[in-house]
Amino acid sequence: MSGKQYVEKMIACIAKRDPDQKMFRDTVTEVLSSIEPVLDAHPNYETAKILERMVEPERVIMFRVPWQDDKGECHVNRGFRVQMSSVIGPYKGGLRFHPSVTLDILKFLAFEQVYKNALTGLPIGGAKGGSDFDPHGRSDNEVMHFCQSFMTELYRHIGPDVDVPAGDIGVGGREIGYLYGQYKRIRDSYDAGVLTGKRVDFWGSFARTEATGYGLLYFVKNMLDAKGIGLKGKTLVVSGAGNVATYAIEKAQSFGAKVVTCSDSNGYVYDPDGIDLAALKDIKEVRRARIKEYVQTHPHAEYHEGCKGVWTVKCDVALPCATQSEIDLESAKRLVANGVQAVGEGANMPSTLDAIAYFLEHKILFAPAKAANAGGVAVSALEMAQNSERLQWTFEEVDGRLKDIMKRIYTNAKKNAETYGDPDNLVAGANITAFSKVAEAMLAQGLV
Ligand code: GLU
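A few points on the structure. (Residues numbered from 1 in each chain as written. Predicted model: local features only at pLDDT ≥ 70, side-chain atom pairs only at ≥ 80, totals over all residues. Heavy atoms only, no water.)

1. Some remarks on the environment of Q253
Short version of the rule: Under the DSSP-based scheme used, a helix requires at least four consecutive residues in state H or I and a strand at least two consecutive residues in state E, with every element numbered from the N terminus.
In this fold, Q253 is placed in helix α10 (residues 243-254). The spatial distance from the C-alpha of Q253 to the C-alpha of K232 is 8.7 Å, given a sequence separation of 21 residues.

Below, the structure written as structure tokens:
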């Protein structure tokens, strides 16, 4: 069977088995369709059923999370952990707390995570977890009770050498703190390496908070530098206002770019003078409020309802840092018509498959999520390393390593893009690099 036929067979098989899992099917399609030449060159992958094994999680855990709110009312949410692959290291990946969380979303994210983590060159497998719990509008006390209940089940499935969760949408330093406290209490053991994204005063890593956003900018800079395009003086559109967006804006500004937008799920802010980062951090990190409030202190800026409108703002570089599928074909067309030169994905799979195809067709420089946003999990792996040696490295040391890792991810993706056809197709380049590494490790470890 040719590589193409093998891939088509797998995608049809997934569609038949789990017809309701569209996001999972899309991410598998994205990865597999770019590795057909690798499959043609390695017929032994089909014999060893490599693809059949890759699309099946090693383990899926689903559980009930009961908790009580401040008024004494009882709630029940769903908890999940999808342990996709441990071939390269302990399962590793974030926890997402958001009402949109389903098994489909977490399987898609866990699948992405396997290949993203392989790209980092560090010893981490792939997983994802979370809950349909919505932390918005909940008090600290309620969030703590929820986290404690969630961990009371999750603790038996994780450990510093088994599975190491971290943050994602809706899970930041506060939640990791509560989760860690409960884990420690149940286990009665100070296993700092069981979670990453901890506060630095109990053995988190310096630069972990900044890592995804900074890493995105390091990757995009490598990509632009190779074309002789600088970031200085460029206009950037960023979506999102969470951890990834905030630190992407910070690093972009330090490179001399002007970032004119940020967004949340209600709408977007356009500030022609450039986003005031201190004000944004105060709204999001201190007051945990909506970005709409930005215009109260910045009357020259505009607030628009509806987050999709952010892609109608004219820019040189677009950085989707909010969530999956936020750039559809229509938004991609609008960005291209407005002269965008490059797109760097900070969120996980923020562009739909047809949007990615449109960017590539129109020769837009495109930095795909699993390569461009790998800085977060890379620094998580450095946090695990620091926890193992019971030492803490300086901010500069971690940031320096992050820079090197992002450069290596870019160089490897570029090299494989060149070897296998289109030198500017970093989607294919990254997928081929990651897939080859995972597939070879699977072959070497036998039929497990
Ligand atoms: N949630 C982040 C991601 O999507 C980080 C995961 C981690 O640090 O384990 O890569």
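2. Structural notes on the pairing of strand β6 (residues 235-239)
Keep this limit in mind: Throughout, exposure labels follow a simple rule: accessible area from a 1.4 Å probe, protein chains only, divided by the maximum for the residue type, with under 20% read as buried, over 50% as exposed, and the rest as partly exposed. Any two strands with at least two DSSP-identified bridges between them are counted as paired. We call a crossover right-handed when, viewed with both strands directed away from the observer, the connection leading from the first strand over the helix to the second proceeds clockwise.
By the criterion of burial, β6 is predominantly enclosed, with four of the five residues buried. Pairing of β6 with strand β7 (residues 258-259) involves two bridges; the strand directions are parallel. The residue bridging L236 from the neighbouring strand is V259, located in β7. The parallel pair β6 and β7, bridged by α10, forms a crossover whose chirality is right-handed. Here four bridges tie β6 to strand β11 (residues 317-320), and the two strands are oriented parallel to one another. Residue pairing across strands places V238 opposite L319, the latter belonging to β11.

3. Quick look at the sheet that holds strand β9 (residues 267-270)
The test is simple: The angle between two axes is taken between their N-to-C directions and runs from 0 to 180 degrees, where each axis is a line fitted to C-alpha atoms and a helix contributes only its stretch in contact.
Taken in spatial order, the three strands of this open sheet run β8-β9-β10, and their pairing is antiparallel. The strands lining the two open edges of the sheet, one partner per strand, are β8 (261-263) and β10 (302-305). Mean inter-strand twist for the sheet, computed between neighbouring axes without regard to direction, equals 20°.

4. With respect to the pattern of salt bridges
To be explicit about the condition: In the sections that follow, a salt bridge refers to a side-chain nitrogen of Lys or Arg positioned within 4 Å of a carboxyl oxygen of Asp or Glu.
As enumerated under the stated definition, the model contains 29 salt bridges in all. Across the pair E142 and R138 runs a salt bridge whose closest N-O atoms are separated by 3.4 Å. Judged by its relative accessible area of 6%, E142 falls in the buried class. One salt bridge in this structure joins E397 and R401, with 3.1 Å as the shortest N-O distance. Highlighted residues: E397 and R401, both in helix α17 (residues 395-419), separated by four residues, approximately one helical turn. Look at E397 and you get partly exposed, because its relative accessible area is 36%. Owing to a relative accessible area of 34%, R401 belongs among the partly exposed residues under this scheme.

5. A few points about the site of the ligand
Applicable threshold: One heavy atom suffices: a residue is near a molecule or strand as soon as one of its heavy atoms comes within 4 Å of it. Whenever a nitrogen or oxygen atom comes within 3.5 Å of another N or O atom, the pair is scored as a polar contact, on the condition that within protein one atom can donate a hydrogen and the other can accept it, and that pairs from neighbouring residues in sequence are kept only if both atoms are in side chains. Only Asp, Glu, Lys and Arg are considered charged, only Ala, Val, Leu, Ile, Met, Phe, Trp, Tyr, Cys and Pro nonpolar, and every remaining residue, Gly among them, polar.
Neighbouring the ligand are 13 residues; K92, K116, G167, D168 and S380 lie closest to it. Contact distances for the ligand include 2.7 Å between an oxygen atom and a side-chain N or O atom of K92. Within the contact set of the ligand, an oxygen atom lies 3.1 Å away from a side-chain nitrogen or oxygen of Q113. Elements with a minimum of two residues in the shell around the ligand: β3 (91-97), α6 (103-119) and α16 (375-389). Here the shell around the ligand is built from residues that sort into two nonpolar, six polar and five charged.

6. Quick word on the sheet that holds β6
Worth spelling out the cut-off: The contact definition used throughout considers only heavy atoms, calling two residues in contact when any of these lie within 4.5 Å.
As summarised here, the arrangement of the five strands in space is β7-β6-β11-β12-β13, forming an open sheet in which the pairing is parallel. The sheet terminates laterally at β7 and β13 (365-367), the two strands that pair on one side only. Across two bridges, β11 lies against strand β12 (residues 342-344) in parallel orientation. By the bridge assignment, V317 is partnered in β12 with A342. On top of the sheet, helix α9 (residues 208-225) reaches β11, β12 and β13; it is set at about 150° to β13, its chief contact. Seen against the sheet, α10 touches β6 and β7 and runs at an angle of roughly 170° to β6.

7. A short note on helix α11 (residues 277-286)
Here is the rule: When we speak of the arc, we mean the arc of directions from the helix axis to the C-beta atoms.
For α11, the full list of buried residues reads L277, A279, L280 and I283. For α11, the buried positions fall inside an angular range of 160° around the axis, keeping them on one side. Residues A278 and V286 are exposed on α11 and point more than 90 degrees away from its buried face. Here the buried face of α11 lies against α10, β8 and α12 (294-297). At the N-terminal boundary of α11, the capping side chain belongs to D276, with an oxygen 3.2 Å from the backbone nitrogen of A278. Remark: R288 follows α11 within two positions and exhibits a positive phi of approximately 50°.

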